[in-house]
Each structure stands twice: as C-alpha cells, then as structure tokens.
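So you can see what is in the structure, the chains are spelled out below.
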Amino acid sequence: MKDGHPPLLSAEEVWARMRKDAVPVTECEKVTLAQALSRVLAQDVRAPITVPGFDNSAMDGYAFRAADAQDRRELPLSLRVAAGDKPEALAPGTACRIFTGAPLPSGADTVVIQERCERRGDTLILPEQWTPHANVRRAGEDIRAGDVILSDGQTLTPQAVGLAASCGFTEILARRRLRVAVLSTGDELRPAGSGPLREGQIYDSNRPMLNALLMRLGCEIHAAGALGDDLARTRQALREAAQTADVIVTTGGVSVGEEDHVKAAVEAEGTLSLWRVAIKPGKPLAFGRVGGAHFLGLPGNPVSAFVTFVLFVQPFLKALMGATPTDLRAFPVHAGFERKTPDSRREFVRARLVTRDDGALWTHTHPRQSSGVLSSTVWAEGLVDIAAGRCVAEGDLVPFLPFEGVLD
Ligand code: AMP
Ligand code: MG
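Residues numbered from 1 in each chain as written. Chains lettered and ligands numbered in written order. Predicted model: local features only at pLDDT ≥ 70, side-chain atom pairs only at ≥ 80, totals over all residues. Heavy atoms only, no water.

**Student:** Sorry if this is basic, but what is going on with the layout of surface pockets here?
**Tutor:** Sizing a probe to match a water molecule and rolling it over the atoms shows the empty space that remains. When its volume is computed, the largest pocket comes out at roughly 1,100 Å³. Lining the largest pocket are 40 residues; nearest its centre among them are Q314, K318, T326, D327 and L328. The set of elements that each furnish at least two residues to the lining of the largest pocket consists of helix 1 (11–21), helix 3 (206–217), helix 6 (302–320), strand 23 (346–355) and strand 26 (397–402). Per-element tally for the lining of the largest pocket: the top contributor is helix 6, with 7 residues. (1 Å grid on protein atoms, 1.4 Å probe; cavity = no way out; pocket = protein on both sides within 12 Å on 5 of 7 lines; lining within 4 Å. Points joined across faces, edges and corners; volume = space filled by probe spheres on them. Helix = DSSP H or I, 4+ residues; strand = E, 2+ residues; numbered from the N terminus.)

**Student:** What is the right way to look at the site of ligand 1 in this model?
**Tutor:** Taken together, 16 residues surround ligand 1, and among them E188, D204, S205, G253 and G300 come closest. In this structure, a nitrogen atom belonging to ligand 1 sits 2.8 Å away from a side-chain N or O atom of D204. Within the backbone of G300, a nitrogen or oxygen atom sits 3.1 Å from an oxygen atom of ligand 1. Protein contacts shield 77% of the accessible area of ligand 1, which totals 490 Å² for the unbound molecule. Sorting the residues of the shell around ligand 1 by element identifies strand 13 (179–185) and strand 15 (202–203) as the ones contributing at least two each. (Near = heavy atom within 4 Å. Polar contact = N/O pair within 3.5 Å; in protein donor to acceptor, adjacent residues only side chain to side chain. Areas by Shrake-Rupley, 256 points an atom, 1.4 Å probe, with all protein chains shown as cover.)

**Student:** Quick question: what am I supposed to make of the domain arrangement of the protein chain here?
**Tutor:** Many descriptions give the size of an interface as the accessible area lost when the pieces come together. Assigned domains within the protein chain: domain 1 (11–26 + 177–321), domain 2 (29–49 + 145–175), domain 3 (56–137) and domain 4 (331–402). Its C-alpha centre places domain 2 at a distance of 37 Å from the equivalent point of domain 4. (Domains from an automatic or database assignment.)

**Student:** Quick question: what am I supposed to make of the environment of E12 here?
**Tutor:** Residue placement: E12 occurs in helix 1. A relative accessible area of 46% means that E12 is categorised as partly exposed. Between the C-alpha atom of E12 and that of A278, which follows or precedes it by 266 residues, the distance is 10.0 Å. (Buried < 20%, exposed > 50% of the residue type's maximum accessible area, 1.4 Å probe, protein only.)

**Student:** Can you walk me through the nonpolar core in this structure?
**Tutor:** The nonpolar side chains of soluble globular proteins are, as a tendency, buried together. F309, F312 and L317 are the most contacted members of the largest nonpolar core, which totals 45 residues. Taken together, the elements giving at least two residues each to this core come down to helix 1, strand 13, helix 3, strand 17 (247–251), strand 21 (293–298) and helix 6. For this core, the leading source of residues is helix 6, giving 12 residues. Summarising the domain contributions, this core has at least three residues from each of domain 1 (11–26 + 177–321) and domain 4 (331–402). Each residue touching L317, except ones within four places of it in the same chain, is listed here: L178, L214, L217, C219, V247 and F309. L183, A265, A286 and A293 belong to the second largest nonpolar core, which has 18 residues in total. (Core = buried A, V, L, I, M, F, W, Y, C linked by side-chain atoms within 4.5 Å. Contact = heavy atoms within 4.5 Å.)

**Student:** Explanation requested: helix 3 in the structure shown.
**Tutor:** Helical periodicity: at 3.6 residues per turn, an α-helix aligns residues three or four positions apart in one direction. If you check helix 3, its first and last C-alpha atoms are 16 Å apart, about what 12 residues at 1.5 Å a residue would give, namely 16 Å. Within helix 3, burial applies to N206, R207, M209, L210, N211, L213, L214 and L217. Considering only its buried residues, helix 3 is in contact with strand 13, strand 16 (220–227), strand 17, strand 21 and helix 6. G218, located one to two residues past helix 3, shows a positive phi value of around 85°. (Expected span 1.5 Å × (residues − 1).)

**Student:** What's the story with empty space enclosed by the protein in this structure? I'm lost.
**Tutor:** Taken as a whole, this structure holds 1 cavity of 30 Å³ or more when the rule is applied. Its boundaries defined by the atoms lining it, the largest cavity holds a volume of some 40 Å³. Taken together, S38, R39, V40, R175, R176, R177, G218 and M321 make up the full set of residues lining the largest cavity. Class assignment for the residues of the lining of the largest cavity results in 2 nonpolar, 2 polar and 4 charged. Residue-level mapping places the lining of the largest cavity at the junction of two domains, with at least three residues from each of domain 1 (11–26 + 177–321) and domain 2 (29–49 + 145–175). (Nonpolar A, V, L, I, M, F, W, Y, C, P; charged D, E, K, R; others polar.)

**Student:** In this structure, what is going on with the packing of aromatic side chains? I would like to understand it.
**Tutor:** Geometrically, a pair of aromatic rings is defined through the distance of the ring centres and the angle of the planes. One pass over the full model with this rule turns up 5 aromatic pairs. Judged by centre distance (5.4 Å) and plane angle (35°), the rings of W15 and F312 are tilted. Note that W15 is positioned in helix 1 and F312 in helix 6, a separation of 297 residues in sequence. For F312, a relative accessible area of 0% translates into the label buried. Seen in terms of ring centroids, F64 and W130 are 5.0 Å apart; in terms of plane orientation they differ by 90°. Their pairing is edge-to-face. (Phe/Tyr/Trp six-rings, centres within 6.5 Å; stacked < 30°, edge-to-face > 60°.)

**Student:** Explain the sheet that holds strand 20 (residues 286–290) here, please?
**Tutor:** Taken together, 6 strands build an open sheet; the order of strands is 16-13-17-21-20-18 and the sheet is mixed. Each edge of the sheet is formed by a strand with only one pairing partner; in this case those strands are strand 16 and strand 18 (270–275). The sheet shows a mean angle of 20° between the axes of neighbouring strands, taken without regard to direction. Bridge analysis of strand 20 against strand 21 gives 5 bridges, and the strand direction is antiparallel. (Pairing = 2+ DSSP bridges. Axes fitted to C-alpha atoms, helices over the stretch in contact; angles between N-to-C directions.)

**Student:** For this particular structure, what's the right way to read the sheet that holds strand 4 (residues 61–64)?
**Tutor:** Strand pairs in the sheet, formed through backbone hydrogen bonds, run parallel or antiparallel to each other. Spatially, the 6 strands line up as an open sheet ordered 7-4-6-5-9-8, and their pairing is mixed. The sheet is open, and its two borders are formed by strand 7 (110–113) and strand 8 (118–120), each paired with just one other strand. With strand direction ignored, the average angle separating the axes of adjacent strands in the sheet is 40°.

**Student:** So what exactly am I meant to see when it comes to a negative patch on the surface here?
**Tutor:** On the surface, a cluster of negative charge is made up of D187, E188, D230, E258 and E259. If you trace the backbone, D187 turns up in the loop between strand 13 and strand 14 (189–190). (Patch = residues over 30% accessible without salt bridge, like charges linked within 9 Å, V, L, I, M, F, W, Y side chains within 5 Å. Salt bridge = Lys/Arg side-chain N within 4 Å of Asp/Glu carboxyl O. Lys, Arg positive; Asp, Glu negative; His and termini not counted. Charge placed at Lys NZ, Arg CZ, Asp CG, Glu CD.)

**Student:** Looking at this structure, how should I read the environment of G389?
**Tutor:** If you trace the backbone, G389 turns up in the loop between strand 25 (382–386) and strand 26. Between the C-alpha atoms of G389 and S344, which are 45 residues apart in sequence, the distance is 5.5 Å. In contact with G389, not counting residues within four places along its chain, are P342 and D343.

**Student:** I would appreciate a short explanation of helix 2 (residues 158–166) in the present structure.
**Tutor:** Listing the buried residues of helix 2 in full gives A160, V161 and A164. Take helix 2 and look down its axis: the buried residues cluster within an arc of 105°, on one side only. What points out from helix 2, more than 90 degrees from its buried face, is the exposed set P158 and Q159. Residues of helix 2 that are buried sit in contact with strand 11 (148–150). G168 occupies a position one or two residues after helix 2 and carries a positive phi of about 95°. (Arc of directions from axis to C-beta.)

In structure tokens, the structure reads:
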C-alpha cells in the first residue's frame with residue numbers, strides 16, 4: 001500500500017485471474033468457408049473423403065511399371081495422361097506420358113521426370129538409374145476419409161480454409177462472434193473527421209485502433225463511443241453497453257487523477273476484480289464486470305492501450321471465443337542495446353529485428369519509449385520483454401514477442 005493503493009499485480013497473476021473468468025461462448029452458427037477466416041471451430045471436422053483420392057504423378061514425366069524396366073531401358077509409349085483425365089490401364093511392357101496431378105494408370109507404379117528421359121519417336125529411353133516408385137503421390141497421402149482434419153477450438157487460418165475446401169466443405173460450424181463495446185474517455189478527444197482541433201484537443205486514436213484490433217480478431221463491434229470525463233455519463237454508458245456486449249473495453253480515465261472516473265463508475269455499476277499491473281507501459285489496467293459483461297479498462301496513453309491489448313485483452317478475448325489457448329510465444333534474440341539501470345517493473349520495449357550476416361537475430365529498440373509515441377508501435381515488429389530488476393548487456397539473449405502471430 002505504498003501510495004495508498006493495493007500493491008501492483010504481476011502479469012502472471014493478471015493472466016491467471018483473467019483465464020479463470022474466461023468462460024467461452026457456447027452458441028454456434030454455420031459459416032460459409034468464404035466467411036470463415038479467423039472464426040473458431042465449434043466441433044472437430046472429419047474428412048468425408050480421402051485426399052488425394054487416387055495415386056497421381058508428382059511431376060511431368062513418364063510412368064511405367066518398375067518390374068517392366070528391370071533389364072531394359074527402352075519402352076514403347078502407349079498412353080498419354082494429363083491432369084483431370086480418367087486413364088485406361090497401361091498395357092504391360094509399355095510406358096505412358098504423364099503430367100503433374102494426372103492419375104497414375106493402373107499397371108504403372110513409377111514416374112521418371114521428363115528432364116532425365118529421352119524420346120525417340122514413340123519410344124521412351126530411360127536414364128541408367130532411376131528409383132522404383134519415385135515421383136508418385138499416393139491416394140490418402142494428405143488425408144484419409146474419417147481423419148480429424150480440424151479440431152474444436154481451432155482458429156481458422158487461410159491454410160485451414162484451404163484444407164476444409166480440399167475435402168469438399170463449403171461451410172463449417174463456428175462459435176458465435178464476440179460482441180465488444182469500445183468506449184474512449186477524455187474531454188480532450190475529438191473524432192478524426194470532426195474538423196480541426198482546438199487548442200488542448202487531440203484526435204481519438206485509441207478507439208479506431210482498438211476497433212481495428214478487434215476486427216482482426218473477428219469480433220463484432222457492438223457499441224462504441226467517446227465519453228467525456230464525467231462520472232454520471234460514464235456510468236450510464238457502461239450500463240447501456242453491458243446490455244448487449246459480451247465485453248466492454250474502455251480507454252483512459254482509469255488512473256488516479258481527479259478526472260479519472262472509469263474505475264469509480266465500474267465500482268458503482270459492477271465490480272472491479274483487479275487493477276494495476278506491474279508492467280511498463282500499461283500499469284493502470286483494470287478488469288472486472290458490469291452486469292453480464294466483462295469489463296477491461298485500458299490506459300489512455302495510446303502505446304499503453306496497444307501493449308495491454310496485445311498482452312492481456314487479446315488472449316482473454318481468444319479464450320472467450322472458445323479458442324484453444326496458446327501461450328504468448330516469445331523467442332530469444334540478441335540484444336542490440338544495453339540496459340544499465342534496472343526497472344522495478346517488467347518492461348515491454350518496442351523493438352525490431354535485424355538478421356546479421358552470420359544469420360543470428362538481433363533486436364533494436366525504438367529510441368523513444370514514451371507511452372505517447374504511437375509511431376513507435378508502427379515502426380516496431382514486436383516487444384522485448386525485460387524482467388523487473390534485469391540489466392541487459394549488448395549481445396545478451398532477451399525474449400522477443402512478435403506482433404505477427406500474436407495479433408492474428
Ligand atoms: P488518461 O489515461 O485518461 O489519463 O490518458 C492518458 C493520456 O492518454 C492523456 O495524454 C490522454 O490525452 C491520452 N489519451 C487518452 N485517451 C486517448 C485516446 N482515445 N486517443 C488518444 N490519446 C488518448
Ligand atoms: Mg483521460
């Protein structure tokens with residue numbers, strides 16, 4: 001209670017408490033594959049067919065039966081098969097011109113690529129050495145009928161959309177989308193497009209940024225608005241948003257200043273279960289409930305809002321969406337910077353990666369780490385995670401958390 005407030009929570013404590021509260025939505029809906037990107041599957045998907053459904057050639061070349069060419073290099077050509085054809089059987093002792101993806105005719109078991117063969121009229125001359133059964137893609141090499149190809153809780157990537165289509169699916173069963181309300185607070189805020197700024201005003205960057213982050217996650221923006229610094233108005237907006245939203249996300253007004261009303265408004269209209277986390281930037285994060293909705297109060301500083309979204313909001317929303325949990329996966333890279341004085345808070349530093357000539361990955365931090373410098377988040381490719389109390393020497397290994405992979 002150093003400053004009259006409860007002690008700061010560690011990021012781990014915050015993740016653990018949020019995870020406990022994240023009961024996934026259960027309602028499902030059918031979604032066409034064209035709309036399925038980023039949706040969370042509500043059931044395992046089993047393949048109704050085998051893919052590929054037939055043995056086929058992996059290359060442009062010539063097909064024959066290995067046993068027919070054991071002691072001779074010349075075979076008469078009796079057949080030509082292209083992709084999409086339905087070939088007749090290959091006559092014994094003969095070969096077949098064949099193309100990539102074309103069904104292997106029965107009677108053939110080997111393909112030699114065209115670059116290694118010679119042709120004399122209708123006679124194929126094989127190279128001295130070739131490998132029996134080579135260059136053939138077997139039926140079921142990718143998928144066997146009945147296999148689980150996609151699992152309940154999996155988030156559909158473009159590759160997963162392709163895989164479902166390869167089995168003939170046109171739609172999947174997904175959990176319903178989350179309804180999220182985004183509210184920004186601050187008397188100084190004006191929406192872009194509302195004319196030039198008066199002295200003391202700034203454009204609201206957090207709300208469009210949060211909307212964009214939520215759209216990437218596949219959420220529905222249910223209600224959104226900008227509030228002044230006013231307790232009654234904030235209470236009313238929270239009450240209204242809680243009627244339709246699964247989650248309410250606010251920015252600003254969650255610190256300890258006289259003009260910060262969000263915390264008091266949540267305490268009046270619902271419950272605040274945690275507040276303030278020992279990280280930099282992003283200390284004044286708040287979490288609780290208003291009516292039936294979860295409440296996440298992000299700091300107003302744009303970088304803090306972005307970083308707390310990446311670290312806490314995004315995994316929490318994924319859990320609510322029913323997505324199988326994945327850790328935020330940082331990987332070790334060499335520090336291209338040094339940190340001589342340790343900080344009492346765990347710091348997430350905006351940084352980029354550089355590959356040096358020897359192939360090693362190094363990270364460089366943005367020179368302006370103030371939480372108002374939003375341009376640094378556009379410059380950055382991720383965050384370096386520096387533990388509380390840690391000093392860093394140039395070349396030390398530090399964990400790098402890429403935005404890519406986290407934000408999709
Ligand atoms: P607060 O957390 O309300 O004390 O705000 C901290 C800082 O972030 C102040 O400089 C605010 O002007 C700024 N800020 C708050 N909300 C926004 C927003 N939606 N867009 C841009 N800046 C903001
Ligand atoms: Mg404010």
